[in-house]
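Commentary on secondary and tertiary structure
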Amino acid sequence: MSESILVINCGSSSLKFAVLSDEGQSILLEGIADRLGVGNSTVTFKKDGNKESIHLADGSHKSAVAEIKKWLSQRPTILDSLTGIGHRVVHGGETFSKSVLIDQSVIDGIAECANFAPLHSPAHIIGMNAAIELFPGIPQVAVFDTAFHQTLSQEQYLYPIPMELYRQHHFRKYGFHGTSYRYISRRLAELHPKSLEQGVLVAHLGNGASTCSIHKGKSSDTSMGITPLEGLMMGTRCGSLDPSLLTFIAQAQGISSEEALDILNQKSGLLGISELSNDCRTLEEAMALGNKQAKLALDMFAIRTAKYLVSTATTLNSIDHLVFTGGIGENSSYIRAAICQQLKAFNIHIDSDKNSLRGATMSIESKKSQTKVWIIPTNEELMIALDTINLIRQ
Ligand code: ADP
């Protein structure tokens, strides 16, 4: 069997994993451990169309990694083919501008940025330490969501707050979904080589959603900020709003600012407006049955996405390509059409027949559009596997 890479994505209460071979092109195994630390945790393995779920008595991240090791030990051809492990890391602060081989100094560096991603960073570190212990001798690589945006200029990444706060505490825009944007830039260059010299706008629309402008292959602006709360309206996150609201909500509800922030992170966005669901597909089904609040939530989502696309585009010389990706971007023709409806003034138009297709890589602009409009499914696992392969071969 050719060399393979285990990709680990440790979230606060879940751990997604995959084993990729053939330079990341084939998926040998994928799975998820969920409800970690919550109770009744399971690990689900998916291989060759078959699913197998195992109950995790000790629902910790470490026991999930141990269960993956055990499962692989029963399939020695896969285990023996593992040459590296790649870990997705949400926040790399200003320390990490590219993927790195993991050693203790890297783990310490991730711990130093943990205040910006308090739910994710501790889980990443537990996952890394468990993988180092359980897969001794296999090199491990950290791939950061923030790294791609380290090319932003100071004018773009600074917040207009006292400079002292940036100097002392590194309060600035970092941006996220960087691994997805890097994949999209690379994939678009395969489909349209000239794009590497052109202006590219990308909307990564999933439960978390953001926009990015890519100039000559480098991120020049992005909508998320110091945390993934800034920018677009999302599944449960409000996106950008007047920061005074935080205090108003806390005072009005008699709660702390942390609890008010929790409302903005967990109870807002599509869920907050629809009072039904954070899930785009559920809202589209409700809208089709006449639910007006579901339609309002979806339309607000689309309008705000369009606004951010335009604002992110100000760092480009021209908008040559607009790419939709992420679960909503790849699948929702309603949202894509509603966004492009808002972008007519920028000569962006889509063909409604092409837009009604979904899930495949294709361009959907109409003849009069001055911008090529693409649907490109993202593949963050592939980027993590490729970075891991490149670093371990160096
Ligand atoms: P995450 O940020 O969790 O990775 P995803 O990229 O998986 O999110 O996107 C999840 C979103 O994609 C959900 O809102 C889901 O409803 C939406 N989605 C997936 N398939 C469809 C579909 N066929 N039509 C509309 N929305 C869809």
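Residue numbers restart at each chain and count upward from 1, following the sequence in its written direction. Only residues with pLDDT of 70 or above have their local features reported here, since the model is predicted, and side-chain atom pairs are shown and tallied only from 80 upward, although totals for entire chains, interfaces and linings are computed over all residues. Only hydrogens and water are set aside; all other atoms, that is, all heavy atoms of the structure, feed into the side-chain values.

1. Here's the deal with the overall build of the protein
Note the cut-off: Runs of H or I in DSSP of at least four residues are treated as helices and runs of E of at least two as strands, each being numbered from the N terminus. Radius of gyration: over C-alpha atoms. The globule rule applied is 2.2 Å multiplied by the number of residues raised to the 0.38 power. Buried means the residue's accessible area, taken with a 1.4 Å probe over protein chains only, is under 20% of the maximum for its type, while exposed means over 50%, and partly exposed covers the values in between. Two residues qualify as a contact provided that any one of their heavy atoms is within 4.5 Å of a heavy atom in the partner residue. Note on areas: these come from Shrake-Rupley sampling with a 1.4 Å probe, and a residue is covered only by the protein chains present in the view. By the counting scheme adopted, Arg and Lys are positive, Glu and Asp are negative, and His together with the chain ends is not counted. Taken as the charge location is NZ of Lys, CZ of Arg, CG of Asp or CD of Glu.
The helix and strand inventory of the protein stands at 16 helices and 14 strands. Taken over the C-alpha trace, the protein has a radius of gyration of 21 Å; the compact-globule value for 394 residues is 21 Å, and the two agree within 12%. Looking at the protein as a whole, 51% of its 394 residues are labelled buried. A separation of at least 24 residues holds for 62% of the contacts in the protein among residues at least 6 apart in sequence. For the protein, the accessible area works out to roughly 17900 Å², and carbon and sulfur atoms hold 52% of it. With 35 positive and 39 negative side-chain charges, the protein shows a separation of 6 Å between the mean positions of the two kinds.

2. What to know about the site of the ligand
Rules: The cutoff for a nearby residue is simple: one of its non-hydrogen atoms must lie within 4 Å of the molecule or strand. Identification of polar contacts relies on pairs of N or O atoms within 3.5 Å, with a donor-acceptor requirement for protein atoms, meaning one able to donate a hydrogen and the other able to accept it, and with residues adjacent in sequence counted only if both atoms are side-chain atoms.
Around the ligand, 13 residues are found, and the nearest of them are N207, D279, C280, R281 and G327. A distance of 3.0 Å separates an oxygen atom of the ligand from a polar atom in the backbone of N207. When isolated, the ligand has an accessible area of 580 Å², and the protein chains bury 73% of it. Elements that contribute at least two residues to the shell around the ligand include exactly α11 (280–288) and α13 (326–331). If one sorts the elements of the shell around the ligand by residue count, α13 sits on top with four residues.

3. Quick notes on the environment of G137
Here G137 shows up in the loop between α4 (121–134) and β8 (140–144). With 196 residues separating them along the chain, G137 and S333 place their C-alpha atoms 47 Å apart.

4. Let's talk about empty space enclosed by the protein
Definition in use: In this analysis the probe radius is 1.4 Å and the grid spacing 1 Å, with only protein atoms considered; a cavity is a set of points the probe fits into but cannot get out of, a pocket is an open set with protein on both sides within 12 Å along at least five of seven lines, and lining residues have an atom within 4 Å of a point. Grid points are joined across faces, edges and corners, and a volume is the space filled by probe spheres set on the points. Ten residues, namely Ala, Val, Leu, Ile, Met, Phe, Trp, Tyr, Cys and Pro, are considered nonpolar, four, namely Asp, Glu, Lys and Arg, are considered charged, and the remaining ones, Gly among them, are considered polar.
Under the definition given, this model contains two cavities of 30 Å³ or more. In this structure, the largest cavity encloses a volume near 40 Å³. Considering the residues around the largest cavity, the lining is formed by E3, S4, I5, L20, S21, D22, E23, G24, T83, I389 and R393. Within the residue set of the lining of the largest cavity, elements represented by two or more residues are β1 (4–10), β2 (14–21) and α16 (380–393). Considered class by class, the residues forming the lining of the largest cavity number three nonpolar, four polar and four charged. Split by residue class, the lining of the second largest cavity holds three nonpolar, three polar and no charged.

5. Focus on the pattern of salt bridges
How we decide: By salt bridge we mean one thing: a side-chain nitrogen of Lys or Arg within 4 Å of a carboxyl oxygen of Asp or Glu.
Going through the model one piece at a time under the given rule, you end up with 14 salt bridges. In this structure, K372 and E365 form a salt bridge, with 2.8 Å as the shortest nitrogen-oxygen distance. Within this structure, E3, E23 and R393 form a network of salt bridges that share partners.

6. Comments concerning the side chain of R336
The residue R336 is located in helix α14 (residues 333–341) in this model. Buried charge without a salt bridge: R336, with E330 as the nearest opposite-charge side chain at an N-O distance of 8.2 Å. Looking at R336, its side chain comes within polar contact range of the side chain of N355, at 2.6 Å. Separated by 3.1 Å, the side chain of R336 and the backbone oxygen of L357 make a polar contact.

7. Looking at the pairing of strand β14 (residues 372–375)
Short version of the rule: One requirement defines pairing of two strands: DSSP has to find at least two bridges between them.
One ladder, built from four bridges, connects strand β12 (residues 321–325) with β14; its direction is parallel. When the bridges of β14 are listed, V323 appears paired with W374.

8. A word on the packing of α11 against helix α12 (residues 292–313)
Rules: Orientation is described by axes fitted as lines to C-alpha atoms, over the contacting stretch for helices, and by angles from 0 to 180 degrees between their N-to-C directions. Relative orientations are named as follows: roughly parallel for angles under 35 degrees, roughly antiparallel for angles over 145 degrees, roughly perpendicular for angles from 65 to 115 degrees, and oblique for any other angle. A clockwise turn of the near helix away from the far one marks a right-handed crossing, whereas an anticlockwise turn of less than a right angle marks a left-handed crossing.
Two elements in contact, α11 and α12, have axes whose closest approach is 8 Å; the angle formed by their N-to-C orientations is 130 degrees. With respect to α12, the element α11 is oriented oblique. The two elements α11 and α12 cross, and the hand of that crossing is left-handed. Each of C280, L283, E284, A286 and M287 in α11 lies in contact with α12, whose residues at this interface are A294, K295, A297 and L298.

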